[in-house]
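# Fold and contact review
So the chains spell out like this:
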Amino acid sequence: MKTGFSVFWAAFVALGASWFGLIYGPLKQLGGAKETAVLQSTEKWPVQRTGDATLGLQIYRANGCAACHTEQIRQTGAAHVIAFTDLGVHQAADLKSFIASLMVVPELMNYSNVITVNLAGWSGEMPKVLYRGADDAVVSMLGDKLKAVGVKTEARVVATGADIARGWGTRQSVAADYLYDTPVLLGSLRAGPDLASIGVRSPDINWQLQHLYAPRSLVKNSTMPAFRFLFKAQKKVDGKDAADALVLPIEFALTDGMEVVPTPEAKQLAAYLVSLKANVPLYEAPFTPITVAK
Amino acid sequence: MNPTENKIFGANEIDTSCRVPLLALFGGAALWLVLGLALGIVAMLSFHKPDIFADCPFLNCGRAQAAANDLLLYGFAMPAALGVLLWIFARLSQSPLALPIVPVIAANLWHVGVLIGTSAILIGESTGHPWLEYPRAAVVLLFAAFLLIAVSAVATMGLRLNRELYPSHWFLFAALLWFVWSYGTANLFLVCNHPPRGGVQAVINWWLTNNLLFVWLGLIGVGIAFYFLPKIASKPLANSGYTLFAFLTLIFFGTWVGIPQSAPVPAWLPTVSAFAALLSLVPVIAIGIIAWKTVCGAKVSCLGGPFCFIKFGMLGFVVSSLLYLSEFCPRASRVLDFTWYNFGVTQWQLLGFAGMILCGAIYEILPRVMDRELPFAKLAKLNFFLFAGGTLLFVIPLLIGGVEQGLKLRDAAVPFADTSAVALKFLRLSTTGQLLLLLGSLCLLPNILAMTIQWKLGLARTVIAYIKSPLETPEVKL
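Being a predicted model, the structure only gives us computed values, none of them experimental.

Turning our eyes to something else, we now look at the pattern of salt bridges. Residue and element names in this part refer to chain A. According to the stated counting rule, one finds 11 salt bridges over all chains in the structure shown. In this structure, Lys236 and Asp241 form a salt bridge, with 3.3 Å as the shortest nitrogen-oxygen distance. On the accessibility criterion, Lys236 (29% relative accessible area) is partly exposed. Salt bridges here are not isolated pairs; linked through shared partners, they connect Arg74, Asp163, Arg190 and Asp194.

So this is what it looks like as structure tokens:
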């Protein structure tokens, strides 16, 4: 490295290569993305947000909500699940012995312990998971054998992982989920729970509004700051609540004939949160959403 | 250039040529450092007392945290780094600063840009992209200011007497190009009217974040350390053959890191980053060895002086880089992603590595440039201990808390409230560290302010003396 030009050239090639790989490559691959098809459905994904929810994304951005919340679900794998849904004319005890007799089938042999443990102590509650694991041959074999004796089962593919077990979503997040987001606010810290599917968990706008105004009125031990500046206190007209006034528990409610009403920004933010529903199966993140009777 | 034109300049002359630009850059940087650390504490207050800013939108956690981060990077680290870079280039060239008025203008543009950007974040006009929160008005100013300073720096480099480049030249010169390209690209794509659709935005943002926080800060910090360590230790830089190797591997591998393993993007992107992170261990370890060998056996007592700052900073570089790269190990990322760990590592890179080296360099340069002793030399020593203690107290609880939080997040049987509760315990400790850091930054500011005032008073005195001096009246012959 004797001249400035050689340093320039080295830096140019190094950064140029990563620019080509990590900027140009993804732009080519994802930049032209369009709506994709939802698996086993004629619907398209993602769904365009309503006007309020689109504006709400900007409230979410402006207040830096992504500093403490992520909008991405991680998945560690997928599992095949088969569960009883209808026993038909059979009793639970009969089925247990019937299934025990099936364990000589080559596909099932390796899983006989697992299935026996799953059924131990079962006395007919429904739906009852018979097998949950990586092997789909077990699922189809059990389904076929049980169908033959008139027992209904459902077979599903489910995503696995701690995020999904927490109920934060039904599958991993994929690039397609963010097609209509500008800016894309993925977040990198879970000081608060993941919000990728908050609209599925808490679809009630009034719940969202009350939670924004006084988080601890709904979630004990919540560490979320209250966003009271998105609301305004006003005097009740003739002692009656306004149509959109928050219904608050007594320890959070205002006194002296005052009430709390959300500003348009609060309503937009709540509409955005309710619109967050990454709950449809896609080609790159499949799962079985609907019960399929076998 | 015609060698006969070259005149040998004394160190004093070179230092004097840097005086005004460096005061303009360092003064603002020190002020933004104080503000950035203070805003960082404000952001953390929301975790200790959630409703503290419930009625004040400007200081809520999300806005204050973004503003604090940007103040530390764009407000403090960048102008300070550019000032040190200008001085090192002038010294290495044995020539006064070329176009000395340009960096003065640029410094003012830069600080106005930071002011606009920070105000925009606090009133809710941030762009929302991490580390790119400044809106267009601020970005244009920062970019123009950087280009102006780069022009002056490159022109100074061109004036050098000894045509052979010193290792610091490689690192610092590459850093100039690095910022212009990565910051320019990211802003052109993301802070424009038609940003690309969907997940690409996140990828561009991760690319920029890595290229600023890991590669750019790395180039700057290591470049500066490789100038000062041998100088203060009075021995040559160890293994300069390895230095070239370390430089090339850092820029070729380091720049591909940055896509988190959990990213909702096609799987080849995180995989590339994981592989690059593994390869990036090579330059980090190589740089660590070079610095160690250079410092080892040096008979210099530092006790809080610039040497201490820079040694601590180099240790910070190795440790923070190793911690940073570990986030890209697929197995580790399952625990570390989405926890306070990432925040802790970033703060270590910014404060414990770059911040330390820059403060050390400022304390080393200021007395030479101003041609007088530091006005509060004891504060400067105190600064070191406050920064070193503060960084460790700030960052280590975040790292441990992050791992613990990650382990709990991974176990779906643990309720979510418990994962935030465990982090909260560590946050209380880390806020104490932030207070120490803030006190440390309050040691730097008066030194620079006092020197600026002394210099301005000196200027005023010269002017007054000139005005008061009796006019020379031409003798009239009768």
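This part takes up the packing of helix α1 (residues 11-48) of chain B against helix α11 (residues 340-370) of chain B. Residue and element names in this part refer to chain B. In contact at an axis separation of 11 Å, α1 and α11 are set at 150 degrees when each is read in the N-to-C sense. On the basis of their axis angle, the class for α1 and α11 is roughly antiparallel. Judged by the twist between their axes, the crossing of α1 over α11 is left-handed. Contacts from Asp15, Cys18, Arg19, Leu22, Leu23, Phe26, Leu33, Leu37, Met44 and Phe47 of α1 reach α11 at Trp340, Phe343, Leu351, Ile362, Ile365, Leu366, Arg368, Val369 and Met370. Partitioning the contact of α1 with α11 into residue classes produces 16 nonpolar, no polar and three charged.

A word on the interface of chain A and chain B. Contacts between chain A and chain B engage 67 residues on the former and 79 residues on the latter. A salt bridge links Arg228(A) to Asp55(B), with the nearest nitrogen and oxygen atoms 3.3 Å apart. Across the chain A-chain B interface, the total number found is 24 residue pairs in polar contact (both at pLDDT 80 or more). Those elements giving two or more residues to the side of chain A that touches chain B turn out to be α1 (4-30), α2 (51-62) and α7 (162-165) of chain A.

Residue and element names in this part refer to chain A. The sheet built from three strands is open, its strands ordered β4-β3-β5 with antiparallel pairing. Taken across any chain shown, the strands that pair with only one partner, and hence form the sheet edges, are β4 (128-133) and β5 (152-160). Between one strand and the next, the sheet's axes are offset by a mean angle of 20 degrees, whatever the strand orientation. Two strands pair when backbone bridges link them, and strand β3 (residues 77-86) and β4 are joined in this way by five bridges, in the antiparallel orientation. Counted as the bridge partner of Ile82 is Tyr131 from β4. Each of β3 and β4 touches helix α5 (residues 112-119); the most contacted strand, β4, lies at about 150 degrees to it.

Below, the discussion takes up helix α9 (residues 205-213) of chain A. Turning to α9(A), its buried residues are Gln208(A), Leu209(A), Gln210(A), His211(A), Leu212(A) and Tyr213(A). N-cap assignment for α9(A): the residue whose side-chain oxygen lies 3.0 Å from the backbone N of Asn206(A) is Asp204(A).

Conventions used here
- Residues numbered from 1 in each chain as written.
- Chains lettered and ligands numbered in written order.
- Predicted model: local features only at pLDDT ≥ 70, side-chain atom pairs only at ≥ 80, totals over all residues.
- Heavy atoms only, no water.
- Salt bridge = Lys/Arg side-chain N within 4 Å of Asp/Glu carboxyl O.
- Buried < 20%, exposed > 50% of the residue type's maximum accessible area, 1.4 Å probe, protein only.
- Axes fitted to C-alpha atoms, helices over the stretch in contact; angles between N-to-C directions.
- Helix = DSSP H or I, 4+ residues; strand = E, 2+ residues; numbered from the N terminus.
- Parallel < 35°, antiparallel > 145°, perpendicular 65-115°, else oblique.
- Left-handed = near helix turned anticlockwise from the far one by under 90°.
- Contact = heavy atoms within 4.5 Å.
- Nonpolar A, V, L, I, M, F, W, Y, C, P; charged D, E, K, R; others polar.
- Polar contact = N/O pair within 3.5 Å; in protein donor to acceptor, adjacent residues only side chain to side chain.
- Pairing = 2+ DSSP bridges.

It is worth stressing that arrangement in space is one thing and function is another; only the former is reported here.
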